[in-house]
Number of protein chains: 2
Amino acid sequence: MTAPDPGAGADLHLELPAEGSRRTALAQALRDAVRSGRLAGGTRLPPYRTLAADLGLARNTVADAYAELVAEGWFTARQGSGTRVAEHPAPRATRAAASAPTPSAPVHDLLQGKPDPASFPRSAWAASARRALAAAPTEAFGPGDPRGRPELRRALADYLSRARGVRTTPANIVVCSGFANGLRLLASVRPRDWAVEAYGLPFHHSILEAAGVRAHPLPVDEDGAVTDRLPTRPRTLLLTPAHQFPTGGRLLPARRAAAVEWARGTGGVIVEDDYDGEFRYDRKPVGAVQGLAPEHVVYAGSLSKSLSPAIRLGWLVLPDHLIDQVLAAKGLRESWASALDQLALADFIACGAYDRHVRRMRKRYRQRRDQLLAVLAASAPHLRATGISAGMHAALTLPPGQEVPTLTAARAAGLALDGLSAYHHPTAPPPAQEGLVIGYAALPDAAFTRALDALSEVIRRVEE
Amino acid sequence: MTAPDPGAGADLHLELPAEGSRRTALAQALRDAVRSGRLAGGTRLPPYRTLAADLGLARNTVADAYAELVAEGWFTARQGSGTRVAEHPAPRATRAAASAPTPSAPVHDLLQGKPDPASFPRSAWAASARRALAAAPTEAFGPGDPRGRPELRRALADYLSRARGVRTTPANIVVCSGFANGLRLLASVRPRDWAVEAYGLPFHHSILEAAGVRAHPLPVDEDGAVTDRLPTRPRTLLLTPAHQFPTGGRLLPARRAAAVEWARGTGGVIVEDDYDGEFRYDRKPVGAVQGLAPEHVVYAGSLSKSLSPAIRLGWLVLPDHLIDQVLAAKGLRESWASALDQLALADFIACGAYDRHVRRMRKRYRQRRDQLLAVLAASAPHLRATGISAGMHAALTLPPGQEVPTLTAARAAGLALDGLSAYHHPTAPPPAQEGLVIGYAALPDAAFTRALDALSEVIRRVEE
């Protein structure tokens, strides 16, 4: 262990990986040194220029890495006494590792599910937030109604009707803090058996499992979930009809009809997860199943894909008979969704800024999609990409036995992306389809191009 | 199922638990009967005296329980036709009742727990939100780190140290969407037995119960919870040391020391609910217990009292050994707390606006408190008000047998306020202290004066 040295700062021996962001790698190496005890609490760090010279880095890179660790609480910085290791720097690092890339972790982020953070419409949102704050009635600053702000429920009823073919009134809308929050509420009021798609987000599977729901996976093909032979037991059916997640099929009209028929005949409820329904590239957006049978479908949406997962807002459009139960599950007061964000979003939708943002992002994501398809066509013309008519990810099917070696090679090349089999429901009959789930929305342009180069190189190499 | 009987009212067979508040138990049994369908929509309830005789209860108890269910929308009451089960009973109405006064709902709102919504610092907050949005790094618009924004954790570490004597670093802070969210997280990582104060918020008791926690109520007196003979079984101790909720005592230094001693000796954890610690009127704020033993205390705070419950933000300051567990309970991404609100709050604290707001509100609430005390001194000089050195509510002790008639008269006079016994833990040994819990922060000035007039009139009338 390096002893604290109040004079020149600790003598640091750090090994950085050869590739990737220098600042990220240095920050991670410093975190590891603190975590392992090599850098003890109170130790004074070497001045930027010393460490920069030692490691062959720009001085700014070192300054940035130090600042990052100060921000995270690993280091403390005081005027005149330089930067030091915090006295109790703590095991808090686990999450740091989960959220920030580690030296061995990927630098080309193609993980699905993230919209482009750089496209967040800062000034339009700021204008909406300012107007909403000025116009808000006094009671908006008191305890929140668990249904959500009336301003937002009105704006959503209009928008969802117009843009997604949802048939509803503000009274049937309950605001929540995102789809996961909505799913937890629904699981608590619709316990026991749910039919689910054989492919889906593991996080959602866990939420249902934690709520004691038994899941009955339905087969999924290129036309979405096979809903024409629904099992009799479940009374709740979770679907992603606009863009099956993550395999990408659009639910066939006949299967939509079959699902609605099932709900009508059995008194069942369809939960429609419309996670990226706004981003359709081949034609007009596919309308919501909810429009066919508002009394049998819960329509669920959120801002997580369309605007930003940083604003924790989602919505459930409920059949009349579920409103009271869901509100009872929420409790007497709103515990989650920020009233200020709700008011800002109401203005943002009502003034047309939301529509403009969706249009802009649809164009951008479509270009990204085209760029991905062009690279795949050149480097892997025999592999099939599905789900490409919509959304912000594609599924690339791989021959049996190729998913694991491809993912291994991808990781070695600094690519972060998931295998398709990771989305296969744990109780669905094997085999899981092998492939890659490629998110194409989040990276900046140049980084995206580099990521695609790395991806096509990996695919070529695995096939050789 | 009992058939509707438009004549004499339904014949009701209810089983009440042997212990706890009769009114609460009856109200719950009635809700259950409606929910289960045993009491169908439109059913006429038996007259108070009939049900009271059947169940061996005071007639007022039945009247109060009926009134409660009418307020919540389960029942309807019409002049001349008695009380009936609502046609579409339920929490839908509860929400309405909770947020907007209905014709039958109270007009003088003295319910505790609500800061003044009209004092929300709109322009200062708008300025912070605008600056924060402009300065935010791009990644702030991506999926959220479950620890919370680093900008906010830095600002909170500074503020809590300075204002509340909390000893921490940003790395030990986990942002949540309010105290309830934090309590749920803590209950999931500290299951089984908790020692709790014999008086507290029923909502918090329910959260612990739903998480499977067994609560061991500790006696409470004017010096807070009696912590010098702590039971051995619980490993977690939930306290409101700065201002016992709602009875108002400040935890004695010797009892603080005893609690810390217990935690050190047993490896136990104290959860410090510092819900209104900023609003101290008799001297400087009482520092947090956390400062005595950061490794044994979870300090929990939120904006709900100090700024507004409409911004869903709270924070847990955790001992090192709990950070990873709480983060694991939160999950990989932030599901609740809005990143935009977090960034705005970080700026709001850092620029001094939060301190200014707290100072302004402390002055305002202190004037309100003085106004309440003056009215009580004139109208009920023999009654004792406690908890008046801090916060935004007072507890007014009543002689045995007077709480129910006072609350009944208060309701008739259009006053909304709670009885002290409603805050008595259901498993704490009876009798519950009788009294009123009077919130004095939320009403506009003129309405507050009118509410106090109505209150003193009620107190005078009941005593005659």
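Asks: Tell me about the overall build of chain A, and name the residues and values.
Replies: Check the secondary structure of chain A and you find 14 helices and 17 strands. The C-alpha atoms of chain A give a radius of gyration of 25 Å, which matches the 23 Å a tight globule of 464 residues would have. On the principal axes, the C-alpha backbone points of chain A span a range of 80 × 65 × 40 Å. Buried positions account for 58% of the 464 residues belonging to chain A. Contacts in chain A between residues far apart in sequence, at least 24 positions, make up 72% of those at least 6 positions apart. As displayed, chain A offers around 18,200 Å² of accessible surface, 53% of which is attributable to carbon and sulfur atoms. Looking at chain A, you have 55 positive and 46 negative side-chain charges, and the mean spots of the two groups are 4 Å apart.

Asks: Can you break down the sheet that holds strand β13 (residues 385-386) of chain A residue by residue, with the values?
Replies: Residue and element names in this part refer to chain A. Overall, antiparallel pairing links the four strands, which are arranged β13-β14-β17-β16 in an open sheet. The sheet is open, and its two borders are formed by β13 and β16 (418-419), each paired with just one other strand. Sheet topology note: the β16/strand β17 (residues 435-439) ladder contains two bridges and is antiparallel. Residue pairing across strands places G419 opposite L436, the latter belonging to β17.

Asks: Kindly report on the packing of helix α6 (residues 150-164) of chain A against helix α11 (residues 339-350) of chain A, identifying the contributing residues and their values.
Replies: All names here are of chain A. The interhelical angle for the contact between α6 and α11, taken along N-to-C directions, is 35°, at an axis separation of 8 Å. Where α6 crosses over α11, the handedness of that crossing is left-handed. Contacts between α6 and α11 involve E151, L152, A155, L156 and Y159 on the former and, on the latter, Q342, L343, L345, A346 and I349. Its residues placed into classes, the contact of α6 with α11 shows eight nonpolar, one polar and one charged.

Asks: Please provide a residue-by-residue account of the side chain of T406(B), values included.
Replies: All names here are of chain B. If you trace the backbone, T406 turns up in helix α13 (residues 403-412). Look at T406 and you get buried, because its relative accessible area is 2%. Those residues in contact with T406, other than ones at most four positions away along the chain, are L398, L436, V458 and V462.

Asks: Let's hear about the interface of chain A and chain B: which residues, and what values?
Replies: Of the residues lining the interface, 58 residues belong to chain A; the matching set on chain B comes to 61 residues. At the boundary of chain A with chain B, total buried surface from both sides reaches about 4,900 Å², with 58% on carbon and sulfur atoms. Inspection of the region where chain A meets chain B yields zero salt bridges. Between the two partners, chain A and chain B, sit 16 residue pairs in polar contact (both at pLDDT 80 or more). Where the side of chain A that touches chain B is concerned, the elements lending two or more residues are α3 (59-72), α4 (93-99), α5 (122-135), α10 (320-330) and α11 of chain A. A per-element tally of the side of chain A that touches chain B places α5(A) first, with six residues. Taken together, the residues of the side of chain A that touches chain B break down into 31 nonpolar, 13 polar and 14 charged.

Asks: I'd like a description of the packing of aromatic side chains, backed by residues and values.
Replies: Residue and element names in this part refer to chain A. Taken as a whole and judged by the stated rule, the model has 19 aromatic pairs over all chains. Measuring from ring centre to ring centre gives 6.4 Å for F348 and Y354, while their planes differ by 70°; the resulting arrangement is edge-to-face. By relative accessible area, which is 0% here, F348 ends up buried. Look at Y354 and you get buried, because its relative accessible area is 1%.

Asks: Account for α13(B), naming residues and giving values.
Replies: All names here are of chain B. E403, T406, L407, A409 and A410 are the residues of α13 that are buried. Axial view of α13: buried residues confined to an arc of 165°, hence all on one face. One or two positions beyond α13, positive phi appears at G414, with a value near 80°.

Asks: Please give an account of the pattern of salt bridges that cites residues and values.
Replies: Per the counting criterion, the structure on display carries 40 salt bridges over all chains. Salt-bridge contacts for R250(A) lead to D282(A); the nearest nitrogen and oxygen are separated by 3.7 Å. One end of the pair, R250(A), is in the loop between β9 (236-239) and α9 (253-266); the other, D282(A), is in the loop between β10 (269-273) and β11 (297-302), with 32 residues separating them in the sequence. Judged by its relative accessible area of 23%, R250(A) is partly exposed. Across the pair D370(B) and R369(B) runs a salt bridge whose closest N-O atoms are separated by 2.9 Å. A relative accessible area of 9% means that R369(B) is categorised as buried. Ionic contacts of the salt-bridge type, sharing partners, join the residues D116(A), R364(A), R368(A) and D445(A) into one network.

Asks: Mind laying out the environment of A432(A), listing which residues take part and the relevant values?
Replies: Residue and element names in this part refer to chain A. Of note, A432 is situated in the loop between β16 and β17. With a relative accessible area of 24%, A432 lands in the partly exposed category. Distance from A432 to Y199, taken between C-alpha atoms, is 9.0 Å for residues 233 residues apart in sequence. In contact with A432, not counting residues within four places along its chain, are Y199, S421 and H424.

Asks: Mind laying out the nonpolar core, listing which residues take part and the relevant values?
Replies: Note on soluble globular proteins: their nonpolar side chains tend to be buried together. Grouped together as the largest cluster of nonpolar side chains are 68 residues, with contacts concentrated most on W125(B), L345(B) and L455(B). Residues Y159(A), Y299(A), Y354(A) and M392(A) belong to the second largest nonpolar core, which totals 66 residues.

Asks: How would you sum up the domain arrangement of chain A? Please name residues and give values.
Replies: If you check the domain split of chain A, you get domain 1 (22-102), domain 2 (122-354) and domain 3 (360-463). Just the C-alpha atoms count here: the centres of domain 1 of chain A and domain 2 of chain A sit 42 Å apart.

Asks: Could you give an account of the sheet that holds β11(A), naming the residues involved and the relevant values?
Replies: All names here are of chain A. Taken in spatial order, the seven strands make up an open sheet running β4-β12-β11-β10-β9-β5-β6, and their pairing is mixed. Two strands close off the open sheet at either side, each with one partner strand: β4 (173-176) and β6 (214-218). Taking the axes of each pair of neighbouring strands and ignoring which way they run, one obtains an average angle of 20° across the sheet. Note that β9 and β10 share four bridges and pair parallel.

Asks: Quick one: what's the story with the side chain of E334(B), residue by residue and with numbers?
Replies: For E334(B), the location among the structural elements is in the loop between α10 (320-330) and α11 (339-350). Judged by its relative accessible area of 4%, E334(B) falls in the buried class. Within polar-contact distance, the side chain of E334(B) engages the side chain of K330(B) at 2.5 Å. Polar side-chain contacts of E334(B) include one of 2.9 Å to the backbone nitrogen of A337(B). Setting aside anything within four residues of it in sequence, one finds E334(B) in contact with R312(A), G144(B), D145(B), P146(B) and V175(B).

What counts, and where the lines are drawn
- Residues numbered from 1 in each chain as written.
- Chains lettered and ligands numbered in written order.
- Predicted model: local features only at pLDDT ≥ 70, side-chain atom pairs only at ≥ 80, totals over all residues.
- Heavy atoms only, no water.
- Helix = DSSP H or I, 4+ residues; strand = E, 2+ residues; numbered from the N terminus.
- Rg over C-alpha atoms; globule rule 2.2 N^0.38 Å.
- Buried < 20%, exposed > 50% of the residue type's maximum accessible area, 1.4 Å probe, protein only.
- Contact = heavy atoms within 4.5 Å.
- Areas by Shrake-Rupley, 256 points an atom, 1.4 Å probe, with all protein chains shown as cover.
- Lys, Arg positive; Asp, Glu negative; His and termini not counted.
- Charge placed at Lys NZ, Arg CZ, Asp CG, Glu CD.
- Pairing = 2+ DSSP bridges.
- Axes fitted to C-alpha atoms, helices over the stretch in contact; angles between N-to-C directions.
- Left-handed = near helix turned anticlockwise from the far one by under 90°.
- Nonpolar A, V, L, I, M, F, W, Y, C, P; charged D, E, K, R; others polar.
- Buried area = accessible area lost by both parts, 1.4 Å probe.
- Salt bridge = Lys/Arg side-chain N within 4 Å of Asp/Glu carboxyl O.
- Polar contact = N/O pair within 3.5 Å; in protein donor to acceptor, adjacent residues only side chain to side chain.
- Phe/Tyr/Trp six-rings, centres within 6.5 Å; stacked < 30°, edge-to-face > 60°.
- Arc of directions from axis to C-beta.
- Core = buried A, V, L, I, M, F, W, Y, C linked by side-chain atoms within 4.5 Å.
- Domains from an automatic or database assignment.

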